[in-house]
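A closer look at the structure
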Amino acid sequence: MASHIMPTYGRLEITFDRGEGAWLWDENGKQYLDALSGIAVCGLGHAHPAVHEAICKQSGKLLHTSNIYRIAVQEQLADWLIDLSGMTNVFFCNSGAEANEAAIKIARKYGHERGIDKPAIIVADKSFHGRTLATLSATGNPKIQKGFEPLVEGFIRVPYDNMAAITDAIRQHPNIVAILVEPIQGEGGINIPASDYLSNIRKACDQHNLLMMLDEIQSGMGRTGKFLAYQHNGILPDVCTLAKALGNGVPIGACLASGKAATVLTAGNHGSTFGGNPLACSAALAVLETLDKDSLIATAETKGEAICSGLAGLLRNNPHIVEIRHKGLMIGIELDAPCTELVKMALVNGLLINVTQEKVIRLLPPLIIDDSQIKLLVDTLGMLIMQFTGQFSPVSDHAA
Ligand SMILES: *Cc1c(COP(=O)(O)O)cnc(C)c1O
């Protein structure tokens, strides 16, 4: 179909017209169960009444004034985020990549203040941090970088979930100032590190005076069963970035910092015209109030468990399942072969899913998904995986 949009996405031939909770309807009125939430954005589902009301009220009052002035709703949102995260200061922006840009600038300035002329940040293989030049340089995926060289310098790459590699890098490079990782890798294939990975990074950062920076853009906002994934580990990073579900679809990002990182950026160092404007902040405030009022975060763990144990049951004799892994509602089902085709099969069957790293079915359902929707998701996806892997040539079954 002819369109004047730049061809930057491999889009599916489908247009959604409206949504409600975990449901979406396309232009022809066909109904779909959304198990992707606009890539972990609509945590409260579609057309949530609290977000709708907040946006309507705010747009009738004041949309934007710029950061030349104080913004009451921005200050209120910062108070909530500080309360929920244990951090101390917030910079607001409009996307995940921008939140990570702020984190990278904090790390560099922190280094310069310590007399390090060429500060470097440790980043991980298979990471995803965004599409701006600095964040794509931090990203551990050569496909995302190809064609955009020269990359931004100052990133040192290590394998994910490998503490020895971090220790080695720190020993080899005296100019390291920070470590930036996702607590759970999303685009990288729902990779859940060893339970002591984050606390060991915390220790290394304390020992060597480095900033621990966590990209919680996908894992944050309650998705893993805690407001932030690092809260499973009882640690505090120095910097933490948020975006995606923060505004439930209204663009907003945030870079949270504490301790020695909290006041590195000062007047004139950084800014954003739109960042933290009244519209976006009122949406985000409504999201935080709803998460709290409906006690939604605590349900993510039981819901994720229900989905994964349901699928594990249906697929227990399927030899093509490598692993089903999850933390709350951040779910990966790894097959032993490329399975992107499943996305289209699911669409035909009224289900929205995603495949990342070619072999990992990724589910990021909204936190408001209910029991009957969970059952529909499990039954439909289980059936589709059986159907899809049934086409494969049989693998030798050692048990038989
Ligand atoms: C989506 C994502 C980003 C980038 O966010 P944008 O809003 O697309 O710039 C960065 N890091 C992680 C972990 C993400 O999932």
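Just so we're clear, the structure is a prediction, and the values are computed from it rather than from any experiment. (Residues numbered from 1 in each chain as written. Predicted model: local features only at pLDDT ≥ 70, side-chain atom pairs only at ≥ 80, totals over all residues. Heavy atoms only, no water.)

Details of the overall build of the protein
Broken down by element type, the protein carries twelve helices and 15 strands. A compact globule built from 400 residues should have a C-alpha radius of gyration of about 21 Å, and the protein, at 21 Å, falls within 12% of that. In terms of its C-alpha atoms, the protein occupies a principal-axis envelope of roughly 65 × 55 × 45 Å. In the protein, which comprises 400 residues, the proportion classed as buried is 52%. Put simply, of all contacts in the protein between residues at least 6 apart along the chain, 71% involve residues at least 24 apart. (Helix = DSSP H or I, 4+ residues; strand = E, 2+ residues; numbered from the N terminus. Rg over C-alpha atoms; globule rule 2.2 N^0.38 Å. Buried < 20%, exposed > 50% of the residue type's maximum accessible area, 1.4 Å probe, protein only. Contact = heavy atoms within 4.5 Å.)

Here's the deal with the site of the ligand
Taken together, Ser-95, Gly-96, Ala-97, Asn-100, Phe-128, His-129, Gly-130, Glu-182, Asp-215, Ile-217, Gln-218 and Lys-244 are the residues near the ligand. Contact between the ligand and Phe-128: a nitrogen atom at 3.1 Å from a main-chain N or O atom of the residue. Between Gln-218 and the ligand, the recorded distance is 2.8 Å, taken from a side-chain N or O atom to an oxygen atom. Relative to its free-state accessible area of 380 Å², the ligand is covered by the protein chains to the extent of 81%. (Near = heavy atom within 4 Å. Polar contact = N/O pair within 3.5 Å; in protein donor to acceptor, adjacent residues only side chain to side chain. Areas by Shrake-Rupley, 256 points an atom, 1.4 Å probe, with all protein chains shown as cover.)

Some remarks on the UniProt feature "binding site: N(2)-acetyl-L-ornithine" (unreviewed entry) in the protein
UniProt's feature table lists "binding site: N(2)-acetyl-L-ornithine" (unreviewed entry) at Arg-131 and Ser-272, given in the numbering used throughout. You can see Arg-131 is positioned in the loop between strand E5 (120-124) and helix H5 (133-138). Not counting residues up to four positions away in its chain, the partners in contact with Arg-131 are Ala-97, Leu-136 and Ile-144. Within the secondary structure, Ser-272 sits in the loop between strand E10 (253-257) and helix H9 (278-293). Sequence-distant contacts of Ser-272, defined by excluding residues within four places in its chain, comprise Asn-67, Phe-91, Phe-92, Cys-93, Asn-94 and Glu-98. At 3.2 Å, the side chain of Ser-272 forms a polar contact with the side chain of Asn-94. (UniProt positions renumbered as here; feature names shortened; annotations may be inferred.)

Regarding the domain arrangement of the protein
Under the domain assignment used here, the protein contains domain 1 (17-47 + 295-399) and domain 2 (49-293). Taking only C-alpha atoms into account, the centre of domain 1 sits 27 Å from that of domain 2. Facing the 30 residues of domain 1 at the interface are 31 residues of domain 2. Here domain 1 meets domain 2 over a buried area of about 2,500 Å², counting both sides, of which 61% is carbon and sulfur. Taken together, the connections running from domain 1 to domain 2 amount to one salt bridge. Among the salt bridges present, the one from Glu-187 reaches Arg-362, with a minimum N-O distance of 2.8 Å. Our enumeration of links across domain 1 and domain 2 arrives at 16 residue pairs in polar contact (both at pLDDT 80 or more). For the side of domain 1 that touches domain 2, the secondary structure elements donating two or more residues are helix H1 (37-40), helix H10 (297-314), strand E11 (321-327), strand E12 (330-335) and strand E15 (360-363). Split by residue class, the side of domain 1 that touches domain 2 holds 17 nonpolar, nine polar and four charged. (Domains from an automatic or database assignment. Buried area = accessible area lost by both parts, 1.4 Å probe. Salt bridge = Lys/Arg side-chain N within 4 Å of Asp/Glu carboxyl O. Nonpolar A, V, L, I, M, F, W, Y, C, P; charged D, E, K, R; others polar.)

Thoughts on the side chain of Asp-34
Residue placement: Asp-34 occurs in strand E3 (residues 31-34). Of note is the side chain of Asp-34, whose polar atom sits 2.9 Å from the backbone nitrogen of Ser-37. Those residues in contact with Asp-34 that sit more than four places away from it in its chain are Ala-22, Leu-24, His-46, Leu-352, Pro-365 and Pro-366.

Some words on the sheet that holds E11
Strand order in the open sheet formed by four strands is E11-E12-E15-E14, with antiparallel pairing between adjacent strands. Edge positions in the open sheet fall to E11 and strand E14 (354-356), since each of these has one partner strand only. Pairs of neighbouring strands in the sheet enclose a mean axial angle of 25 degrees, with direction left out of account. Taken together, the four bridges between E12 and E15 define a ladder with antiparallel strand orientation. Its bridge partner being in E15, Ile-333 is matched across the sheet by Ile-361. Here H10 sits on the sheet in contact with E11, E12 and E15, set at roughly 170 degrees to E11. (Pairing = 2+ DSSP bridges. Axes fitted to C-alpha atoms, helices over the stretch in contact; angles between N-to-C directions.)

Quick word on the pairing of E5
Moving residue by residue along a regular strand, the side chains alternate between the two faces of the sheet. The buried fraction of E5 amounts to five of the five residues, a majority that puts the element mostly inside the structure. Burial of E5 is two-sided: the residues Ala-120, Ile-122 and Ala-124 facing one way and the residues Ile-121 and Val-123 facing the other way are all buried. When E5 meets strand E7 (residues 176-181), the two strands line up parallel, connected through three bridges. In the strand pairing of E7, Ile-122 is matched with Ile-179. Two elements, E5 and strand E6 (residues 155-158), share four bridges in a ladder whose sense is parallel. Bridge pairing in E6 links Val-123 to Arg-157.

Examining the UniProt feature "modified residue: N6-(pyridoxal phosphate)lysine" (unreviewed entry) in the protein
Within the UniProt annotation, "modified residue: N6-(pyridoxal phosphate)lysine" (unreviewed entry) is assigned to Lys-244. Position of Lys-244 among the secondary structure elements: in the loop between strand E9 (239-242) and E10. Once residues lying within four places of it in the same chain are set aside, the contact partners of Lys-244 are Ile-39, Ala-40, Val-41, Ile-217, Gln-218 and Ile-252.

Re the nonpolar core
Side chains of nonpolar character tend, in soluble globular proteins, to be buried together. Of all hydrophobic cores here, the largest spans 88 residues; its most connected members are Leu-81, Leu-291, Ile-333, Leu-342, Ile-353, Ile-361 and Leu-363. Residue contributions to this core peak at nine residues, all from H9. Mapping this core onto the domain boundaries places at least three of its residues in each of domain 1 (17-47 + 295-399) and domain 2 (49-293). Among residues more than four places away in sequence, those in contact with Leu-363 are Ala-35, Ile-307, Leu-311, Leu-329, Met-330, Ile-331, Ile-333, Ile-353, Leu-377 and Leu-381. With 22 residues, the next largest nonpolar core counts Tyr-110, Ala-138, Val-239 and Val-264 among its residues. (Core = buried A, V, L, I, M, F, W, Y, C linked by side-chain atoms within 4.5 Å.)

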